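# Understanding the architecture of this molecule
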Amino acid sequence: MEIPEWTDLPEELIDLTAKRFSSNIDVVRIRSICKPWRSAVATKQNSFHFQRRNLPSSNKNIETLLSPTTFFRVYVPSSGSYKGWLIRTKQVSESSKICLLSPFSRQLLDPSQETLDLLKFGFSEIRKSYEIHIFDKYLIQSVRGKIGPSHKLSRVVFLDNLFFAVGEDEKIWCCKSGEESSRIWTKIKNQVEDFSDIILHRGQVYALGLTGAIWWINLSQLRLVKFTPPTPMNCDSCNKRLVDFCGNLCIVHQLRVRRDNIERTFGFKVYKMDEDVAKWVEVRSLEDKALIVARDSCFTVVALEYHGCLRNSIYFMDNVKRSEDEARKYFKHHNDSSESEYHGLLKNYVYFNDNDGEYCDYNGVNGEAVKMFKLGDGSIIDMTDFSSHSCFHMFFPPFL
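Note that this is a predicted model, so its numbers are computed, not measured.

All right, on to the overall build of the chain then. Scanning the chain from terminus to terminus reveals four helices and 23 strands. For the chain, buried positions account for 47% of its 400 residues. Taking contacts inside the chain between residues at least 6 apart in sequence as the whole, the part at least 24 apart equals 57%. In the structure as shown, the chain presents an accessible area of about 20700 Å², 48% of it carried by carbon and sulfur atoms.

Turning to the nonpolar core, a few remarks are in order. Among the nonpolar cores identified, the biggest contains 20 residues, and Ile-292, Tyr-315, Phe-392, Met-394 and Phe-395 are the most heavily contacted of them. Where this core is concerned, the elements lending two or more residues are β19 (289-293), β20 (298-302), β21 (313-321) and β22 (366-374). Core analysis: the next-biggest nonpolar cluster, separate from the first, contains 16 residues, Phe-164, Ala-207, Trp-215 and Ile-217 among them.

Summed over all chains, the structure comprises 13 aromatic pairs. With centroids separated by 5.4 Å and ring planes inclined at 75°, the aromatic side chains of Tyr-315 and Phe-395 adopt a geometry described as edge-to-face. Residue Tyr-315 is found in strand β21, and its partner Phe-395 is found in the segment after β23 (380-382); the two are separated by 80 residues along the sequence. Taken individually, Tyr-315 and Phe-395 each receive the classification buried, so the pair is uniform in this respect. Through a chain of ring-to-ring contacts, three or more aromatic side chains come together here, namely Phe-104, Tyr-315, Phe-392 and Phe-395.

Turning to the sheet that holds strand β11 (residues 195-201), a few remarks are in order. Read across the sheet, four strands follow the order β11-β12-β13-β14 without closing on themselves; strand pairing throughout is antiparallel. On the outer flanks of this sheet lie β11 and β14 (223-226), each paired with one strand and no other. In this sheet, neighbouring strand axes are inclined to one another by 35° on average, regardless of whether the strands run parallel or antiparallel. Pairing analysis gives six bridges linking β11 to strand β12 (residues 204-209), with the strands arranged antiparallel. Looking across to β12, one finds that His-201 is bridged to Gln-204.

Moving on, we come to the confidence of the model for the chain. The pLDDT averaged across the chain works out to 77; a share of 67% of its residues lies at or above 70. Considering only residues more than four positions removed or in separate chains, one finds that residues 44-51, a stretch of pLDDT under 50, has 34 contacts. Note that residues 342-365 has pLDDT below 50 and, in this model, 63 contacts with residues that lie over four places away or in other chains.

Turning next to unusual backbone geometry. For Asp-160, which is not glycine, the phi torsion reads 50° and is therefore positive. One non-glycine residue, Asn-312, lies in positive phi territory at about 55°. Tracing the backbone shows Asn-312 in the loop between β20 and β21. The buried category is assigned to Asn-312, whose relative accessible area is 13%.

In this section: the sheet that holds strand β16 (residues 248-259). Across the sheet, which stays open at both edges, the four strands sit in the order β15-β16-β17-β18 with antiparallel pairing between neighbours. In the strand order of this sheet, the two ends are held by β15 (239-245) and β18 (279-282), each with one partner. For this sheet, the mean angle separating the axes of adjacent strands, direction not counted, is 35°. Two strands pair when backbone bridges link them, and β16 and strand β17 (residues 262-274) are joined in this way by 10 bridges, in the antiparallel orientation. Bridging across to β17, Val-257 finds its partner in Arg-264.

Right, let's get into the pattern of salt bridges. A complete count under the given rule lists 14 salt bridges for this structure. The partner of Glu-263 in a salt bridge is Arg-256, and the shortest N-O contact between them spans 3.3 Å. Using a relative accessible area of 13% as the deciding quantity, one classes Arg-256 as buried. When the shortest N-O distance is used, the salt bridge between Arg-284 and Glu-282 registers 3.4 Å. Judged by its relative accessible area of 62%, Arg-284 is exposed.

To continue, consider the state of the cysteines. Applying the stated criterion across every chain, the model contains zero disulfides. Between Cys-174, a cysteine without a disulfide, and Cys-175, which holds the nearest cysteine sulfur, the sulfur-to-sulfur distance is 7.1 Å. This cysteine, Cys-250, is not joined by any disulfide, and Cys-246 carries the nearest cysteine sulfur, 8.2 Å off. By relative accessible area, Cys-250 is classed as buried at 0%.

About the cut-offs
- Residues numbered from 1 in each chain as written.
- Predicted model: local features only at pLDDT ≥ 70, side-chain atom pairs only at ≥ 80, totals over all residues.
- Heavy atoms only, no water.
- Helix = DSSP H or I, 4+ residues; strand = E, 2+ residues; numbered from the N terminus.
- Buried < 20%, exposed > 50% of the residue type's maximum accessible area, 1.4 Å probe, protein only.
- Contact = heavy atoms within 4.5 Å.
- Areas by Shrake-Rupley, 256 points an atom, 1.4 Å probe, with all protein chains shown as cover.
- Core = buried A, V, L, I, M, F, W, Y, C linked by side-chain atoms within 4.5 Å.
- Phe/Tyr/Trp six-rings, centres within 6.5 Å; stacked < 30°, edge-to-face > 60°.
- Pairing = 2+ DSSP bridges.
- Axes fitted to C-alpha atoms, helices over the stretch in contact; angles between N-to-C directions.
- pLDDT = per-residue confidence, 0-100.
- Salt bridge = Lys/Arg side-chain N within 4 Å of Asp/Glu carboxyl O.
- Disulfide = S-S within 2.5 Å.

Below, the structure is given as structure tokens:
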């Protein structure tokens, strides 16, 4: 029996094939196979997860935008190696180009090639991540000439057309998307403490209190219910995050100390709940996994699937001091990135420092750098020169 050509497949079969993929990159690759496939597979309509969109706001002077991104493992099938690189992408609209971002800070990256042949690479979607960008028109009166959000919410999850976010007041808020009748954000009930993180775990939403206790969100009542007691480690200088590790809901403590007017990381502690004895136990090994702690996302990867990635390690961003020249280069690149993202949508908005809400000056501004913490011996490696440390090669695909 003669095998039919790809170009001879019925349109309904091609459409069924395309619907099995959730990634816009997969759809682009399918449409690149041949002209019949390109005409048969329309660009994904209502590709919600990949596009910037407005969210409800009860204040007409405030505009709220969703900024979604997607993490991928990218590899070269023809090389015969299963190892790949970790990338993050963003697509502002269906007609816009797919942009590469830093996996940790969302900063726009400049690829070495103007165009990338997606057929030469394999892509495996890892997860989606969201930020909510808030624009306040009254802030224009303070400083002009900058474009970008007045502040950002980086702890955001999405479930069943509901967005949940940790607000600037460290409380949990939610809103429905796509419904004109729901034009306001609602504060979740029974919030007896402040919160630092939120996660979607096994179809349920959980929030992490500053005390280290985990709370479950009852979706029908939009009410918090205490899920676990606080962890044994409770320090004010810790940055606490939630992560799914091997199916367990775990808490990551990023231990920090202030030196030379900058908070720096000196270690990590990871805890999981032993359900048999209802007690927190310290995770002393991530086994074959590595933990990625980004500004808006926290997840594990299998170390052997990435170039140079070290098992039982934690990759994270830490504060560094920038020189005046470095600060000027950073702000020029950051402002150019902001203009391209918000061009034609928001004009004359002010960009403020994410850390303290004050206007950023060149002199003495703090920056961030990627580092790696070894959970086994407690040592930290700085990516000041990644060529001397192969453990960071997973963040440098060949097209960068």
